[in-house]
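Examining the three-dimensional arrangement
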Amino acid sequence: MNQHAPVLDADAAPVEKPDEAAGVDGLGCHAGAEKLKASANASGNAELMQRLEADYPKGPHDQPQSMCPAFGSLRVGLRMRRVATILSGSACCVYGLTFTSHFYGARRTVGYVPFNSETLVTGKLYEDIRDAVHEMADPDHYDAIVVTNLCVPTASGVPLQMLPKAIDGVRIVGIDVPGFGVPTHAEAKDVLSGAMLKYAREEASAGPVQAPRDGIEERPTVTLVGEMFPADPVMIGAMLEPLGLAAGPVVPVREWRELYAALDCAAVAAIHPFYTASYREFQAAGRDIVGSAPVGVDGTDAWLGAIGEACNVVPDKIAAARNAFLPAIRAAIADNPIKGRITLSGYEGSELLVGRLLVECGADLRYVGSACPRTPYSAADAAWLEEHGVVVRFRASLEQDLAAFHEFQPDLAIGTTPVVQKVKEAATPGLYFTNLISARPLMGPAGPGSLAQIINAAIANKPRFDRMSEFFDGVGSGDKAGVWEDVPQERPQFRKKYAAKTKIAHNAVDAGESVGC
């Protein structure tokens, strides 16, 4: 930890803030989603909670089923040049978030402002956060500091909006990413991206701003929204060239000055459709937003037409772009067929795009589940998949993903970690969506070959699973698994007692008395 991003625990005298303190005494990070939400509303954050509910509507499950959502916004900030990060939340949450961020390769310091019941209730936590940003606001090192409230500070009404907008030229961006208000880590990326775009748009409206590091692109640009494999923006740029356009920055950006270039575009490509707050800022800047992406033949054909129309490109140039790339995509699909029944689920937001490409490559795709919500920019992809006989479910729960696996009995299940665990226990090949599928090129002619290689290899592994199942046949399952001199005997009295305790624990979760924050 370096001198510019310390763990801060200020010694200033506490400042009484009765409104903030209302209803938070005894509040903990496991107080329950409903209690935390009620406390946030009572502590002055009612408007924030209403906005989060509108931007990120919940589904059948009212709390995250994956990792803490704040990991998404944390990762965005840690990837940016000259941007510092401060977290305010329970120590256990901060530990988990920093551990996970470093596990994924973030070699950056994370600032932390600790608190206790006294500083939380009296309002001194806000004073400590304010002191922290003043201590870290060094323009020689940072363009911006991102301060993130986790569950408990959000529920307690810690007012990050009262922080200075800038200190010595260092921008201060405060966001709330509570587990009881932001359903997925993917949407938390939008929380931070939207906040930064809003700040940058206001700066650009007020006067001149910093030019992009590589200079200003002379051609009209298309901003790309959504994290992609690094080769995909390059491929999209090649497809835009016949239209007289260029690929602009990718949001989430890697440097503050890219925000200005992102806003200064001819149109926005909603590659990932769930960036609701970000799209609101682009619309405020007068930019058209085009959904879907150039995946497969049908997707690329429609996308080139929609981008051309949004950017007022003449029909001849749109036809030239189609003629340049559609034959190559058809050839790639023909050379890389996929045979087998597949179910697909994930929480990255690109599940529908992957599903389209699988179908065009010949896969018998039965189900696509996304933990992200339905938005106007996912409508075309959902309609296309449904027309091809695929069940599409937004805000899909783990239970729904597993039910699809049991119903359709696929040759391969692509999904989240718990889905893959269950399907492999059933001797079925499985692939983790985040690391093995979304981390591959999907766009243009590169997509079919990249996807078919790993899909076909996984399906071909079925005999290996069968051999393992046969080898371990008879060793039992559950509490009887293993090699025993005497098979464990049933103890119904203990089993009944344990089942009662388990039922109580499950009911606590169902009743909102526990939240994964």
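On a predicted model such as this, the values are computed, not experimentally measured, just so you know. (Residues numbered from 1 in each chain as written. Predicted model: local features only at pLDDT ≥ 70, side-chain atom pairs only at ≥ 80, totals over all residues. Heavy atoms only, no water.)

1. Brief notes about the sheet that holds strand β13 (residues 412–415)
Across the sheet, five strands lie side by side as β12-β11-β10-β13-β14; this open sheet has parallel pairing. Looking along the sheet, the strands with just one partner apiece sit at the ends: β12 (391–394) and β14 (430–432). Neighbour-to-neighbour, the strand axes of this sheet turn through a mean angle of 10°, independent of strand direction. Both strand β10 (residues 341–346) and β13 contribute to a ladder of three bridges, which runs parallel. Within β13, the position partnered with I342 by the bridge is L412. Here helix α14 (residues 351–360) sits on the sheet and contacts β10, β11 (364–370), β12 and β13; the angle it forms with β11, its principal contact strand, is near 175°. Helix α19 (residues 446–459) rests against β10, β13 and β14 of the sheet, and its axis sits at about 130° to β13. (Pairing = 2+ DSSP bridges. Helix = DSSP H or I, 4+ residues; strand = E, 2+ residues; numbered from the N terminus. Axes fitted to C-alpha atoms, helices over the stretch in contact; angles between N-to-C directions. Contact = heavy atoms within 4.5 Å.)

2. Considerations on helix α2 (residues 33–55)
Every α-helical turn comprises 3.6 residues, leaving residues that sit three or four positions apart pointing alike. The first and last C-alpha atoms of α2 sit only 18 Å apart over 23 residues, clearly below the 33 Å expected at 1.5 Å per residue. Buried within α2 we find A33, L36, K37, S39, A40, S43, N45, L48, M49, L52 and D55. (Expected span 1.5 Å × (residues − 1). Buried < 20%, exposed > 50% of the residue type's maximum accessible area, 1.4 Å probe, protein only.)

3. Considering the packing of helix α12 (residues 296–310) against helix α13 (residues 315–335)
Following both chains from N to C, one finds α12 and α13 inclined at 165°, their axes separated by 9 Å at the closest point. Judged on the interaxial angle alone, α13 and α12 are roughly antiparallel. Of the two elements, α12 crosses α13, and the hand of that crossing is right-handed. Two secondary-structure elements touch here, α12 through G296, V297, T300, D301, L304, G305, G308 and E309 and α13 through I318, A321, R322, L326, I329, R330 and I333. By residue class, the composition of the contact of α12 with α13 is seven nonpolar, four polar and four charged. (Parallel < 35°, antiparallel > 145°, perpendicular 65-115°, else oblique. Left-handed = near helix turned anticlockwise from the far one by under 90°. Nonpolar A, V, L, I, M, F, W, Y, C, P; charged D, E, K, R; others polar.)

4. Concerning the packing of aromatic side chains
Under the defined criterion, the tally for this structure stands at five aromatic pairs. A centroid spacing of 5.0 Å and a plane angle of 65° characterise the contact between Y279 and Y377, whose relative ring orientation is edge-to-face. Highlighted residues: Y279 in helix α11 (residues 276–284) and Y377 in the loop between β11 and α15 (379–387), separated in sequence by 98 residues. The exposure classification of Y279 matches that of Y377, with both residues buried. If you follow K165 out to its NZ or CZ, it ends over the ring of Y199, 4.2 Å from the centre. (Phe/Tyr/Trp six-rings, centres within 6.5 Å; stacked < 30°, edge-to-face > 60°. Lys NZ or Arg CZ within 6 Å of the ring centre and 35° of its normal.)

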